[in-house]
Amino acid sequence: MKLPFAREMRELDRRAIEEYGIPGMLLMENAGLGTVLMMEKELGLAANHFALILVGPGNNGGDALVIGRHLHQRGCEPIFIFLVPPEKLQGDAATNLHIVQKLALPLHVLDSEKGVHILPTLYQQQISRGKPCYAIIDGLFGTGLTRGISGHMAELIQLVNEETFGASIPRIAVDIPSGLHADSGRIQGACISADHTAAYGCAKPGQLLHHGPEFCGRLHVIDIGIPPAAFETLQVQQQAVTEQTIALSLARIQRKTTSHKGSHGHLLVLAGSIGKTGAAILSVKGALRSGCGLVSLCCPQDLNAIFESQLVEAMTIPLPASRSTIIMEDLSIIEEQLQGKKAMVIGPGLGIAEATAQLVLHLYRTVESPMVIDADALNILAQHRDQLKAPPGSRIFTPHPGEMARILGISGAKIQDDRIEAAQSACLLFDQGAGLCTVILKGAGTVIVSTGGEAWVNTSGNPGMATGGMGDVLSGIIGALICQGLCPPEAARTAVYLHGRAGDMLEKTIGTGYTATELAYTLPQIIKDLSN
């Protein structure tokens, strides 16, 4: 599913109108009618209700006018609330205003902070007439908004979001909640908290990123009639990772009846130190439970007994030079163990001691096999950015926003303000022209970016996954999928989706409080369901 930026969506609209001769009025009509049909499906019939229609200055205001007119057709009384003088509307929005005026539908102008506070009174007047409120329609601002909302507009949004007023009424966002940045998901001063969002033509990146899922509620993509041909020559580089995407990837690694453990790859994991054995265990379990044929764990010798007792299906390789951490003196054994391995995971619970850092940097520069770099290995690379060179093999990096902030040397807030840009910047930093790097920026709307490729935004997962060990499991899943035959970028996005989908199943069945271990054990069922 394509996720066009705001400028790309404008270009798609332009092509539909200018190149294919589809009138803008028709696109607006399709958008408004599609929204009403969605509302009736989700909220029930609109007849014998009233609706508050918030109208802003642009085309979103025009869409809201169409919605109000179609609600009127269905026996619902629309109450139009203009936040700007109606005469400021232009083009197709002005035409729809003229139709509403001809129909003599109720219209109020609240274009000041004092005026905004009249809204509860208007609402109560309607309630006193015995009609329930069907919905509040947010048609204030669309995807073109780039400035912060302030003044009476911000006052109105705050009022609509308050539990004592708007929060008890279904709130429907027209294309995007007013105040949500369409490209990044950041809040621009104030933002409508919607229960449902009708996204026109396509979902937008910001609806899946950062604050997007929280403020969009349930996201519905409405076909407004943009021809598929309009997309063909427009290089939209953002896509959503969906169930359909992943089903195709899993089909490529479907097991044959003649397969054996060697058919599904051998993964080497370098992980664990004193106090952090759990990270290594979870990474190995993530790999085993997502179908890796064989997994070997290089671990400090003093900790080997812990790993052998916890990982009966994996092989351990105690490193004699180590005590409680893996260090540079272990290099020769690690290089020997890399023979015959299809991929390597490095970092979970590894520690950041100087001798460990020397080992990580050497392996990063020399190992040609695909390498999944997580946790402490990421922090080591961040501390030695000046020593990074183009890697000799595929590299997948899995930072959370805090780790990404250290990698790029900027604040976590800036990372979150533009997650796609941050992931792309890190990819360029690590890749240095090699064309071999993939960055997974974890968090709400995990972003997966590969050198010179598309930016993918994940659609699975939930806040219950915000607990220790989840990233360790993910690193193992990625390594396992590479071992089974997926290329690193495809393995990255498939692993992220499977990981989130397992979390979604646990959230649904047992609720928040599930652990990373439980998530790992859920993976076979998720893979089975999606493979079918």
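Our structure is the block above this text.
Residues numbered from 1 in each chain as written. Predicted model: local features only at pLDDT ≥ 70, side-chain atom pairs only at ≥ 80, totals over all residues. Heavy atoms only, no water.

Trainee: Before we move on, could you go through the nonpolar core and cite the residues and values that matter?
Mentor: Counting residues in each nonpolar core, the largest one holds 67 residues, and the members touching the most others are Met-39 and Leu-71. Not counting residues up to four positions away in its chain, the partners in contact with Met-39 are Gly-44, Ile-67, Leu-71, Tyr-134, Ala-135, Ile-137 and Ile-172. Core analysis: the next-biggest nonpolar cluster, separate from the first, contains 54 residues, Leu-267, Ala-271, Ile-281 and Ile-448 among them. (Core = buried A, V, L, I, M, F, W, Y, C linked by side-chain atoms within 4.5 Å. Buried < 20%, exposed > 50% of the residue type's maximum accessible area, 1.4 Å probe, protein only. Contact = heavy atoms within 4.5 Å.)

Trainee: Explain the packing of helix 16 (residues 375-383) against helix 17 (residues 401-408) residue by residue, including any values.
Mentor: Packed helices, taken two at a time, are described by the angle between their axes plus the distance between the axes. Put simply, helix 16 and helix 17 touch, their axes get as near as 8 Å, and they point 20 degrees apart. What the angle tells us is that helix 16 and helix 17 run roughly parallel. Judged by the twist between their axes, the crossing of helix 16 over helix 17 is left-handed. When helix 16 is examined against helix 17, the residues Ala-375, Leu-378, Asn-379 and Ala-382 are found in contact with a partner set consisting of Glu-403, Arg-406 and Ile-407. Per-class residue counts for the contact of helix 16 with helix 17 are four nonpolar, one polar and two charged. (Axes fitted to C-alpha atoms, helices over the stretch in contact; angles between N-to-C directions. Helix = DSSP H or I, 4+ residues; strand = E, 2+ residues; numbered from the N terminus. Parallel < 35°, antiparallel > 145°, perpendicular 65-115°, else oblique. Left-handed = near helix turned anticlockwise from the far one by under 90°. Nonpolar A, V, L, I, M, F, W, Y, C, P; charged D, E, K, R; others polar.)

Trainee: Tell me what's going on with the pairing of strand 4 (residues 133-139), and back it up with residues and numbers.
Mentor: Taking burial as the measure, the seven residues of strand 4 include seven buried ones, the bulk of the element. Relative to strand 4, strand 1 (residues 50-55) runs parallel, the two sharing six bridges. Its bridge partner being in strand 4, Val-55 is matched across the sheet by Gly-139. (Pairing = 2+ DSSP bridges.)

Trainee: Outline unusual backbone geometry, supporting the account with residue identities and numerical values.
Mentor: Of note, the phi angle at Asp-175 is positive, near 70 degrees, even though the residue is not glycine. Structurally, Asp-175 is set in the loop between strand 5 (171-174) and strand 6 (196-200). Classification of Asp-175 by relative accessible area gives buried; the value is 8%. One non-glycine residue, Ala-375, lies in the positive phi region at around 50 degrees. As for its placement among the helices and strands, Ala-375 is situated in helix 16.

The values are spatial; any link to function lies outside them.
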